[in-house]
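Report on the structure
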Amino acid sequence: MQFEFATATRIIFGPGKLREAGPAIKSGGKRPLVVTGKNVQRAEPLLQVLHENNVECSTFSVSGEPTIQTVRDGAALAKAENCDWVIGIGGGSVIDAGKAIAAMMNNDGDVLDYLEIIGQGKALTKRSARFMAIPTTAGTGSEVTRNAVLASPQHKLKVSLRSPKMLPDLAVVDPDLTCGLPVSVTASTGLDALTQLIEPYVCLRANPMTDAICIEGIRRVARSLRNAFKSGNDPEARADMCVASLFGGMALANAGLGAVHGFAGPIGGMFSAPHGEICAALLADVMEVNMRALRERDNAGVAISRYYYIARLLNGDAKPAAGTGVEWIRQLVVDLGIPRLSAHGIKSEHIPEIVKHAKNASSMKANPILLTDEELAEILQRAM
Ligand SMILES: [Zn+2]
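Here's a quick rundown of the structure. Everything numeric here is computed off the predicted structure, so don't read it as measured data.

Within the protein, the secondary structure is distributed over 13 helices and eight strands. A globule of 384 residues ought to have a C-alpha radius of gyration of about 21 Å, and the protein, at 20 Å, matches this closely. The burial tally for the protein puts 57% of its 384 residues in the buried class. Contacts in the protein between residues at least 24 apart in sequence constitute 79% of all its contacts with a sequence separation of at least 6. With an accessible surface of roughly 15,800 Å², the protein has 51% of that area assigned to carbon and sulfur atoms. A gap of 2 Å separates the mean positions of the 40 positive and 39 negative side-chain charges of the protein.

So this is what it looks like as structure tokens:
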């Protein structure tokens, strides 16, 4: 057995913790660039803390998922305004944008130099500028990961800027910030969190630390996602989902993912669909086809026993029948109003191209078993 585990330098978790983050913000640097979403209003609690602590800042608003140009613009603004560190407050896209901007503030050249596939794929040489992440959704776990997903509209692709040098210095996870999220966002981000706990748990690079984290995270999603969806202000449900998201981020950063995320990258580049909705629409079918392939071709049987354990965690049944975990997720996805893949404009004719790109995605390489092109196509067809 051998493994490595790295995460954000410091994590502060709890309802109302943003209000207590003043000292950490004061000692963060001279002037932060505050990266927010389209609705700057959501950053108001942070702006107030900055004001109370006499910290002046510049703000940069990101609408939608960050592109390569977003990172260039943000880094240029940071330079023009003499910002020496970054705070990202928002959903996964905003935190990814902030993380990438912080990386480019300290590394020479253009962001394309450091991107795989569409750029030169060079390694970052310097640690990012100090970066503090404050998630306002519970799903991506981006506050503890070492990558930022960036869209290249020109290439119709999403690629990751990735380096251990990009791990956030501080993650402030305050569940109060997720109260009042729209139900559709609670649903899609919550199911992304669940996917990011299931995939690392069954993946080829799972390790004892990520196992423990995944099991605890899955348990919390099972008991709280429906409650967070039904009553958005339920503090316990929101706290559970924030833990689940945080744990999913830790797990994926240290173990990897699987076929759901292998598909989600290319689909997200080709169609404008929220990441969480894509993952949610695929999760049950990926699990089912993975389990069938494992039964047919995997003699070790480790991953299949893990799927049984997931079913146990989800439906609380000590001896779950085969497939009950998959059915539990299918029902949840329906009850939470997640649309099928076809609702995003994905048709049968797109399957060969999606399969071609998904096969080579880094997440696909961690899937517990190598799926054939036919199996990959079958998953997509079923999730339409
Ligand atoms: Zn995800």
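Turning our eyes to something else, we now look at the coordination of the zinc ion. Six octahedral donors around a metal ideally make angles of 90 or 180 degrees; four tetrahedral donors ideally make 109.5 degrees. For the zinc ion, the full set of protein donor atoms is D192 (OD), Q196 (OE1), H261 (NE2) and H275 (NE2), at a range of 2.0 to 2.1 Å. Relative to the metal, the four donor atoms surrounding the zinc ion lie at angles of 93 to 147°, and the coordination shape comes out irregular. Here the donor residues for the zinc ion map to a single chain with the spacing D-x3-Q-x64-H-x13-H. With D192 in helix α5 (residues 183-202) and H261 in helix α8 (residues 259-270), the pair connects residues that are 69 residues apart, well separated along the chain. Judged by its relative accessible area of 10%, H261 falls in the buried class.

Contact geometry of α5 with helix α11 (residues 324-335) gives a least axis separation of 12 Å together with a crossing angle of 160°. Between α5 and α11, the crossing angle belongs to the class labelled roughly antiparallel. Once α5 is placed against α11, the crossing between them reads as left-handed. Residue-level inspection shows L191, L194 and I198 of α5 in contact with α11, the latter providing W328, I329, L332 and V333. Split into classes, the residues belonging to the contact of α5 with α11 amount to seven nonpolar, no polar and no charged.

On to α11, then. The terminal C-alpha atoms of α11 lie 16 Å apart, and with twelve residues this matches the ideal 16 Å at 1.5 Å per residue to within 8%. Where α11 is concerned, the buried positions are G325, V326, W328, I329, L332 and V333. Relative to the axis of α11, the buried residues are bounded by an arc of 160° and lie together on one face. Of the surrounding elements, those touching the buried residues of α11 are α5, α6 (208-230), α9 (275-297) and α10 (302-315).

L194, F263, I267, L282 and I329 are the most contacted members of the largest nonpolar core, which totals 77 residues. With 13 residues, α9 is the largest single contributor of residues to this core. Leaving out residues up to four positions away in the same chain, I267 has contacts with I278, L282, L341, I346, I354 and L380.

Parameters and conventions
Residues numbered from 1 in each chain as written. Predicted model: local features only at pLDDT ≥ 70, side-chain atom pairs only at ≥ 80, totals over all residues. Heavy atoms only, no water. Helix = DSSP H or I, 4+ residues; strand = E, 2+ residues; numbered from the N terminus. Rg over C-alpha atoms; globule rule 2.2 N^0.38 Å. Buried < 20%, exposed > 50% of the residue type's maximum accessible area, 1.4 Å probe, protein only. Contact = heavy atoms within 4.5 Å. Areas by Shrake-Rupley, 256 points an atom, 1.4 Å probe, with all protein chains shown as cover. Lys, Arg positive; Asp, Glu negative; His and termini not counted. Charge placed at Lys NZ, Arg CZ, Asp CG, Glu CD. Donors = N, O, S within 2.8 Å, 3.2 Å for Na, K, Ca; no water. Tetrahedral: all angles 85-135°; square planar, octahedral: opposite > 155°, others 65-115°. Axes fitted to C-alpha atoms, helices over the stretch in contact; angles between N-to-C directions. Parallel < 35°, antiparallel > 145°, perpendicular 65-115°, else oblique. Left-handed = near helix turned anticlockwise from the far one by under 90°. Nonpolar A, V, L, I, M, F, W, Y, C, P; charged D, E, K, R; others polar. Expected span 1.5 Å × (residues − 1). Arc of directions from axis to C-beta. Core = buried A, V, L, I, M, F, W, Y, C linked by side-chain atoms within 4.5 Å.

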